[in-house]
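Each chain, letter by letter, is given below.
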Amino acid sequence: MPGVSARGLSLEQRKQLAVNLTRVLARYRSILDAYIIEFFTDDLWRTLPGSWQEALDGLNPPQLATQLLGMPGEGEVVRYRSVWPLSLLALKSTACALAFTRTPGFQTPSEFLENPSQSSRLTAPFRKHVRPKKQHEIRRLGELVKKLSDLTGCTQVVDIGSGQGHLSRFMSLGLGLMVKSIEGDQRLVERAQRLDQELLQALEKEEKRHPQAVHAGPRHSPHHVVRWVEPTALCEELLLPLETLPQSGARLLLTGLHACGDLSVALLRHFSCPEVVALASVGCCYMKLSDPGGYPLSQWVAGLPGCELPYRLREGACHALEEYAKRLQKAGPGLRTHCYRAALETVIRGARPELRRPGVQGIPRVHELKIEEYVQRGLQRVGLDPQLPLNLAALRAHQAQENRVVAFFSLALLLAPLVETLILLDRLLHLQEQGFHAELLPIFSPELSPRNLVLVATKRPLGEAFSLLETEHS
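Residues numbered from 1 in each chain as written. Predicted model: local features only at pLDDT ≥ 70, side-chain atom pairs only at ≥ 80, totals over all residues. Heavy atoms only, no water.

A. Main features of empty space enclosed by the protein. If you walk through the whole model with that rule in mind, you get six cavities of 30 Å³ or more. Roughly 80 Å³ of volume is contained in the largest cavity. Taken together, I31, L32, R312, L313, G316, A317, H319, F409, A412, L413 and A416 make up the full set of residues lining the largest cavity. Secondary-structure elements contributing two or more residues to the lining of the largest cavity are helix 2 (29–33), helix 13 (311–316) and helix 18 (402–433). (1 Å grid on protein atoms, 1.4 Å probe; cavity = no way out; pocket = protein on both sides within 12 Å on 5 of 7 lines; lining within 4 Å. Points joined across faces, edges and corners; volume = space filled by probe spheres on them. Helix = DSSP H or I, 4+ residues; strand = E, 2+ residues; numbered from the N terminus.)

Written as structure tokens, this is what we have:
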């Protein structure tokens, strides 16, 4: 999907982008604020301009992927069956033009061509217990951190929110970095330590079999610490060096792979500490940001009219646009889930008007169920009588609008990257307001990892050397 590169923008251009984003998001707030499960109860289709309804009504899922989201299938030519209103075309163009590009600058063959579950660019010991998505992420972020460490003279990497330690292990035992891993969940830390020992044993065996192919030199396992990192207070443990250093002291690089909610904000706050020289953060779960406190961070964005991003907008920004476009192209029966859930909401409110948007845990194999069967199971999940009399004609009428539900949801997804762009742009501006140097790079393949933009910050300009961070090893 096309977009704007954060690297190509000056400070003034970034500020203007923030102005444009807040204006566009304010204009289309009704679409972003809407809950798709209220499609029928709030008559969401009628909230769209009549000309939009006419253009979108009757489009099947592949047509929505191609014409609305701008993601045609391979070899597909975009053809409109009617003339779209200029306002809808303008929305589509604006959404593409103002969002940060999520397409990496590197062009290399897929690492999963030979085997979809094993990255060809990670050795076998580092792939064990790691899913393909995570294999791709730890390799790409680990390599970027190594380059950034070399450029900034870092003495120690701190992996915050390290979980089971997959990234930490690759950086320490694969790339030779000194790594401290900080994780608040004791169980995950214990699991990480067991995996450390398992990997060390595997590497020792590999070295005996192929001594010439194994990286020489001492191996340093990650140093694991059980500690919650608070977003509003500095963590002394995070800033402590692992070993006694010369008078110049520790030079820390902070990183976090999909640091959830306020944890990514905590990394930014710690960046102002004198011991920290660099940052590489990939955020996630924007809906968990504290409000206020987690956004906005920059004075510039905070002063803009319409900068507010309530929970619903931040939650929508975490959806996987590329993955949903693929689902649209396949036009599978799984797309009916939103329609079924919206129909269930009408029945729930008919029985108990005060019960709104209750959580319905996943009902297995929805696509194989008749709509009335789904509703009956859903009623039971929310504590209502599954044998309530149902208006089958009304349910069938709702089911007939499945493509409208999908079209409205696709509209919201089209706008969602603008919300993520504003959140990340706010972080860039926050760092720049403090005199730091910050850039944003698409680091992962968006098809594998939807949250694929890494925020890189340093305390001195890297100049042309910064381009090294974007390159992919051959």
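Moving on, there is more to tell.
B. Region of interest: the packing of helix 7 (residues 132–152) against helix 8 (residues 166–174). Between helix 7 and helix 8, whose axes approach to 9 Å, the crossing angle comes to 45 degrees. One element, helix 7, and the other, helix 8, form an angle in the oblique class. Between helix 7 and helix 8 lies a crossing whose hand is right-handed. Each of K134, I138, R139, L141, G142, E143 and V145 in helix 7 lies in contact with helix 8, whose residues at this interface are H166, L167, F170 and M171. (Axes fitted to C-alpha atoms, helices over the stretch in contact; angles between N-to-C directions. Parallel < 35°, antiparallel > 145°, perpendicular 65-115°, else oblique. Left-handed = near helix turned anticlockwise from the far one by under 90°. Contact = heavy atoms within 4.5 Å.)

C. Representation of the nonpolar core. Counting residues in hydrophobic clusters, the biggest one holds 115 residues, and the most contacted among them are I31, F39, L56, L88, F100, L238 and L411. If you count residues domain by domain, this core takes at least three from each of domain 1 (11–103 + 320–415) and domain 2 (110–297 + 433–469). Excluding anything up to four places from it in sequence, F100 contacts V4, A6, L9, L17, T421, L424, L425, L428, L440 and L453. Ranked by size, the runner-up nonpolar core spans 34 residues in total, among them F126, L167, L177 and L203. (Core = buried A, V, L, I, M, F, W, Y, C linked by side-chain atoms within 4.5 Å. Buried < 20%, exposed > 50% of the residue type's maximum accessible area, 1.4 Å probe, protein only. Domains from an automatic or database assignment.)

Keep in mind these numbers describe shape, not what the thing actually does.
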